[in-house]
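Here is how the chains run, residue by residue.
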Amino acid sequence: MRAKVLSILGVSALLLCGCTQAASVPEPVRVTPVPEDPLVPTHPADENFLGSVSGSGSSSAGFGPAGAAVAVYLACQSDGELVVNVANTGKTSVACGTPEEPTRTVFELDSPVAKLFIDVESDDVLAWGLTVTDAGG
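Residues numbered from 1 in each chain as written. Predicted model: local features only at pLDDT ≥ 70, side-chain atom pairs only at ≥ 80, totals over all residues. Heavy atoms only, no water.

Student: Hey, could you go over the nonpolar core for me, with residue numbers and the actual values?
Tutor: Residues V70, L82, V86, L116, I118 and L130 are the most contacted members of the largest nonpolar core, which totals 22 residues. Sorting the residues of this core by element identifies β2 (59-63), β3 (69-76), β4 (81-86), β7 (116-121) and β8 (127-134) as the ones contributing at least two each. (Core = buried A, V, L, I, M, F, W, Y, C linked by side-chain atoms within 4.5 Å. Buried < 20%, exposed > 50% of the residue type's maximum accessible area, 1.4 Å probe, protein only. Helix = DSSP H or I, 4+ residues; strand = E, 2+ residues; numbered from the N terminus.)

Student: An account of the sheet that holds β8 is needed here, citing residue identities and associated values.
Tutor: With antiparallel pairing, four strands are arranged side by side in an open sheet as β1-β8-β3-β6. A strand with exactly one partner marks an edge of an open sheet, and here the two such strands are β1 (48-56) and β6 (103-108). In this sheet, neighbouring strand axes are inclined to one another by 20° on average, regardless of whether the strands run parallel or antiparallel. As paired strands, β3 and β6 are joined by six bridges and run antiparallel to one another. Of the residues in β6, the one forming a bridge with A69 is E108. (Pairing = 2+ DSSP bridges. Axes fitted to C-alpha atoms, helices over the stretch in contact; angles between N-to-C directions.)

Student: Provide a residue-level description of the environment of T105, including the pertinent values.
Tutor: Take T105: it is sitting in strand β6. Sequence separation of T105 and A71 is 34 residues, and the distance between their C-alpha atoms is 5.5 Å. Discounting residues that sit within four places of it in the chain, T105 has contacts with V70, A71, V72 and V94. (Contact = heavy atoms within 4.5 Å.)

Student: Break down the sheet that holds β7 for me, citing the residues and quoting the values.
Tutor: Across the sheet, which stays open at both edges, the four strands sit in the order β2-β7-β4-β5 with antiparallel pairing between neighbours. Unpaired on one side and paired on the other, β2 and β5 (91-95) mark the two borders of the sheet. The average angle at which neighbouring strand axes cross in this sheet is 25°, direction not considered. Bridge count for β4 against β5 is five bridges, and the pairing is antiparallel. Looking at β5, one finds that N85 is bridged to K91.

Student: Go over the side chain of E47 with me, naming the residues and quoting the values.
Tutor: Note on placement: E47 falls in the loop between α1 (2-16) and β1. In this structure E47 comes out as buried when scored by relative accessible area, which is 14%. Beyond its immediate stretch of four places on either side in the chain, E47 contacts A71, Y73, R104 and T133.

Student: Residues and numbers for the pattern of salt bridges, please.
Tutor: Pairing between side chains of opposite charge can happen when the charged atoms of each approach one another. This structure, assessed with the given rule, holds two salt bridges. Between E47 and R104 there is a salt bridge, with the nearest N and O atoms lying 3.1 Å from each other. Pair noted here: E47 is in the loop between α1 and β1 and R104 is in strand β6, with a separation of 57 residues, a long-range link. On the accessibility criterion, R104 (43% relative accessible area) is partly exposed. (Salt bridge = Lys/Arg side-chain N within 4 Å of Asp/Glu carboxyl O.)

Structure follows, in structure tokens:
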């Protein structure tokens, strides 16, 4: 009975103050920003950025539309070479650069593509980063 009376008094107090339910202030959500990937190479500001990806071993990535030529910038954690296939143009071996001085390779496509796919092959130990820009054409 006492709990019922306290409950009624609590509801009455809320109604008198104009509140319909007890207000609680949620804790602010703290988001830790993800640091930039140190392996993703930089590109010149005047080139249209299409995307970037990083990994180790072999991988495939899809990007948005691209013109008739794309520039691929490669950087690796250590010396090495990657095999790259851009939009099924054929496998090309490319030596790795560094994030500050990446290897730049231009791939000519048969025509502009709605979705650009790039396959990368490397041994499982080699960590790499790749940036793609539209090279015109």
